[in-house]
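Coordinate analysis (summary)
One-letter residues, chain by chain:
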Amino acid sequence: MNTASRPRTGSLSARAATVLAVAGALVLGIAVGLAVPTSVAVAGALAVAWGVRTVASDALARTAVGSVAITGGCAVLGGAFRLAGGNWGLFAVLAFTAVVVALETVDGLSTAGGERFRLVASESGTVVVLGLVAIAVLAPTLGSDAAATLFDAGVDAVTGSRIAAFWWLQVGVLVAGYLLPRAVGRFDALLAGSESSTGLGTLADRFDVSPARLPAWYRAAFVGQLVLVWSGIANGLVDGFVTARPVVGDAIDAVLLSGVVHGLLLVVILLLCGMLSTTHLQRVVERWAGDAPGQRVAVAAGGFVTVAVGVVVAVLAALGVVDPLMTADNSFWAPFGVLRTVGPLLAGVIVSLLVVSVAVVAVQTLLGVVTPTGRGFAVAAALVFAATVLAAGPLPAWGVVAGVALAVLVWDLGVHAVALDRDLVTAAPSTRTEVVHLTATALVVTVAVAVAVVVGYHVVPAAPPLPGERATVALGLALVSVVSFAVALQR
Amino acid sequence: MTDGTATAERERTDPADLDGSSPGEDRQATDPDSDSVDPDSASVGPESGSADPERDGATGIADDLDSLVDDAAEAESSGDRTGLYAEALGADAADATPGLNTCRATRSAVSESATEETLERVEETVERDGRWRAGLLFALAAGSAGVVVGNTAVFLSAIVGLVYSGYATMGAPPDPSLVVDRSIDDPSPAPGDTVTVTVTVRNAGSSVLPDVRVADRPPAGLTVVRGETRQAATVEPGETVAFSYAVCARRGKHRFSDVVTVARTASGATARREVHATAVSMVCYAPFEALELAEQAGPGTGRVETDTGGEGVEFYATRRYDPSDPVSRIDWNRYAATGELSTVVYRETRAATVVFVVDGRHDLRRRAEEPSAVALGAYATVRVADALLAESNDVGVAVLDDEGDPSTPSGRYLRPASGEDQSLRVRRLLEDAFGVSVDDLAGGDDDPTDAGPRSSTAMAGRLDRFRTRFPDDAQVVYVSPLLDGRVTYQIERLAAHGHATTVLSPNVTDTATAGQTVEHVERAERVRLLRSDTEIRVVDWSLDESLQAAVTRDSAGWDR
């Protein structure tokens, strides 16, 4: 991936806007009792932003690290959301603020940055989904009692009677004989040109027992045996025959009823199935890797790491080292063994990747339609404003005013940073220029907060009370008149 | 404020930006090629008139120009030379300038380019962005939210928006007194040299300028290799802000764009944008001096040294004294030693007749941004022809391409002739044949589309028919990129027919891909074979060096 983004100019203003927005979100979170989830969400947002920038590197190692950062950051955001509990509405606004302002600062929410994020989310998410499916298919009941129960039931079914054991033995031989030459053929294809594989293929062909090559009488006998197994008619006759011949009978029982031979046949069949699936798996991996397998793997590194972490956590949970995250008293997950730990973890990462992707796309679409001057900083300022309004209840008056002032400051610094980036392209402005602007705007906003606080604590209490509705209408009209007067004055 | 400057005040929804359109910048937004063309050059453009398309290619042109030159020889005596040029070229008489005189004029212009200048402010505009609207929007949103949620603090926070709006509105636009200087460390660099440009902005006023943004735009076609062309700073009274950047020089005359400064208030809501005009340009010119010719010469007086004795400057031999010999040529040393009178004979120098055979069949280029083989061949032909014409040699041109009727015996051929008019004819012929105009600064300019190699099947017959028209004592300078095997065969035939042949080959091959490497190796082998097997003089001109450097290097090993 060679779409490296250049460092933003106006970095002091951009970083100041980011710090203020993030600090504002943290303070608001603390004020409403969401300190921990907000802090975690901020960390996740910063990790996502850093990952989006790092993924653009030409070095595969850095691309992989960026992918891990993006996936991990989204997972952290999802975990923080879970920690938020019931107050998820305000938390979502705060987390979104951190994500938007971090992305805007690092990568400018550019089209290229959005594409990189979506690519990583798509590739890593796909790997996580496949990992989850693989675990669910290959080890659905490992680590639970259901696995042992299923195994015992299977053994009983296979070795329930001598006729049934003999029939299942034939099934195993037929299946193994069917798979053997085909598996060896695939093996030969992988080792094209090897002399040793020729002999093995010829030998395997001798054991080819495809259904078409079975004689008709055997097919009839096979079906007849199946009927006898189902009906159980001949069980007594066979048992009597075997018990009448102690030596031969013991040998027959050892082969048929011990399950050892059946177990060996099962292992052989599983190995042959594995060999047959190798080429299919090779084609799938080859198609997925494409022309740049290293790049593809690096982009999906986040997914691989997530699956690996999930497996490690599941193993630790199975060993009792750690407590599973979501299975305390959940009877639904109880029969699923390790899946009960890995499943929610991986599913949470997938959902987080999806939600953050949708959020990033939504912001980019909004910016494309509205095209605010401050771009992502304008969105962040609006979110800080919205968060302040949502948290206005438990906040003191000066806190609310400070929150709105913070939103104004974030917007102003963002506009300044975007303008510098546009005017100077790659040149860096002097720090003094940015400090002058920052200082002037901060001073004005501080004065505005002071004025508002003075009005709120001294002027408003001194005013005569009015009925609620009249007061509301009066306030609204006063505001509209002030705004209209200001607009007219400008024109 | 400078008299005559325009001041306009307008409100922009977007903050003022250094690339905002303005009449000053509009006049800079021209075709980049126009900045690299010397308007005083003799490159004849389409507006100067073109040959009648129904006439037979260069034959008609050559004949017409030849006849006109003959008339010019008569008219010169009558002082009506300029009018004849105008008739030949279709240009205004006042604009017709002989090619060689243009070269000399250009060289003198090089030394006249300025290295430092103070730019004159020609335009200024006041711009206000819409930050006050954002303040009002915040106020309205806060007030509305306060009313909706019934929270007094939220409603009162509208004051913050109102105060910010007032802050963004207050304050007059800055009235800076900026003095902008630009200096170039080398106004006449060689192609490929790095030129450092320094822009200095001084606050000559008495007020602090909290936010000054400066943007300089290097000439079109020049690549910035180091530094930044823009800067932003806070400038106190008397303080100077400077920044430098380096560009890689390319052939041609490059005019610098105006410098734009934007001075903003501390809030950033109001700005004054100024355009500072410039008149400085940079000329990048690679001079070409001479090409060493073979001994084959004509009867006229020139600079080609021959193996015959006569008038000259280099000692050749002595002979018996003849009473008609001048006293100054008597070998007095021999007389003092032997008592016998003898006369010193010097090596006679004569003028040569040189025919340029220009291979225009391959319209390839090494890289997309570089000239094509045809353009380079035309450029080399013009430069070498001008140098030879300056030494009183006769120069002619034969053009080989795939256009035109191969059965036509004349094709595109310009008979050898001397004089300044012949230089114009050469340029005109090349432009008509290949669409390439060559001026003395920029080299060959052509359509950058990559056409690919064309068929060479018609080449052999046409060259033979040209060759029959060459003077017997003519030397041949074969200008070709040597991209196919047939050209070496043709070169050998020319040499076998008694024409001293020099090959001038621009190298447009590259080694970026496997196929290009094969082509590069094959071409190198053709050069080697020409040099070693047929002992033909070859100038292998790489685009990474000047033409004169290539000629000087390769001619060092030539035997006379």
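Above this text you will find the structure in question.
Attention now goes to the overall build of chain B. Of regular secondary structure, chain B possesses 15 helices and 25 strands. Burial statistics for chain B: of 560 residues in total, 52% are counted as buried. Partitioning the contacts of chain B with sequence separation of at least 6, the portion at a separation of at least 24 is 75%. Total accessible area computed for chain B in this model is approximately 23800 Å², and 49% of it derives from carbon and sulfur atoms.

Interface extent is often summarised as the accessible area lost during association of the parts. With 51 residues of chain A at the interface, the matching set in chain B holds 49 residues. Together chain A and chain B conceal approximately 4200 Å² of surface at their shared face, both sides included; 73% is due to carbon and sulfur atoms. Between Glu236(B) and Arg432(A) there is a salt bridge, and its shortest N-O distance comes to 3.4 Å. Viewed at the interface, chain B and chain A are joined by 10 residue pairs in polar contact (both at pLDDT 80 or more). Mapped onto the side of chain A that touches chain B, the elements with two or more residues apiece are α16 (376-390), α17 (397-424), α18 (431-462) and α19 (468-490) of chain A. Among the elements that line the side of chain A that touches chain B, the one with the most residues is α17(A), at 16 residues.

Residues and elements named next belong to chain B. Phi is positive for leucine 482, close to 55°, though the residue is something other than glycine. Positionally, leucine 482 belongs in the loop between β23 (474-479) and α13 (485-496). Here glutamate 535, not a glycine, exhibits a phi torsion of approximately 50°, which is positive. By secondary structure assignment, the location of glutamate 535 is in the loop between α14 (514-532) and β25 (537-542).

Residues and elements named next belong to chain A. Applying the stated rule across the entire model yields 12 aromatic pairs over all chains. Ring plane angle 80° and centroid distance 5.1 Å describe the contact between tryptophan 167 and tryptophan 168, whose orientation is recorded as edge-to-face. Given a relative accessible area of 36%, tryptophan 168 falls into the partly exposed group. Members of the aromatic cluster, each reached through a chain of ring pairs, are Trp167, Trp168, Trp217, Tyr218 and Phe222. Over the face of the ring belonging to tyrosine 178 we find arginine 182, whose NZ or CZ atom lies 3.9 Å from the ring centre.

What counts and how
Sequence order as written defines the numbering, with residues in each chain counted from 1. As a convention, the first chain written is A and the first ligand written is 1, with the rest following in written order. In view of the model being predicted, local features appear only for residues whose pLDDT reaches at least 70, and side-chain atom pairs are presented and counted only at 80 or more, with totals across whole chains, interfaces and linings using the full set of residues. The basis for the side-chain values is all heavy atoms of the structure; hydrogens and waters are excluded. Strands here mean DSSP runs of E at least two residues long; helices mean DSSP runs of H or I at least four residues long; both are numbered from the N terminus. Any residue under 20% of the maximum accessible area for its type is buried, any over 50% is exposed, and the rest in between are partly exposed; the area is computed with a 1.4 Å probe on protein chains only. Contacts: residue pairs with any heavy atoms within 4.5 Å of one another. Here the Shrake-Rupley method, with its probe set to 1.4 Å, supplies the accessible areas, and only the displayed protein chains count as covering residues. Accessible area, probed at 1.4 Å, shrinks when two parts are joined; the buried area is that loss added up over both. For this analysis, a salt bridge means a side-chain nitrogen from Lys or Arg found within 4 Å of a carboxyl oxygen belonging to Asp or Glu. For this analysis, a polar contact is any N or O atom pair within 3.5 Å, provided that within protein one partner can donate a hydrogen and the other can accept it, and provided that sequence-adjacent residues contribute only side-chain to side-chain pairs. Centres within 6.5 Å are what make two rings of Phe, Tyr or Trp a pair, Trp counting through its six-membered ring; a difference in plane orientation under 30 degrees is then read as stacked, over 60 as edge-to-face, and the rest as tilted. Here, a charge over a ring means that NZ of Lys or CZ of Arg falls within 6 Å of the ring centre while also lying within 35 degrees of the ring normal.

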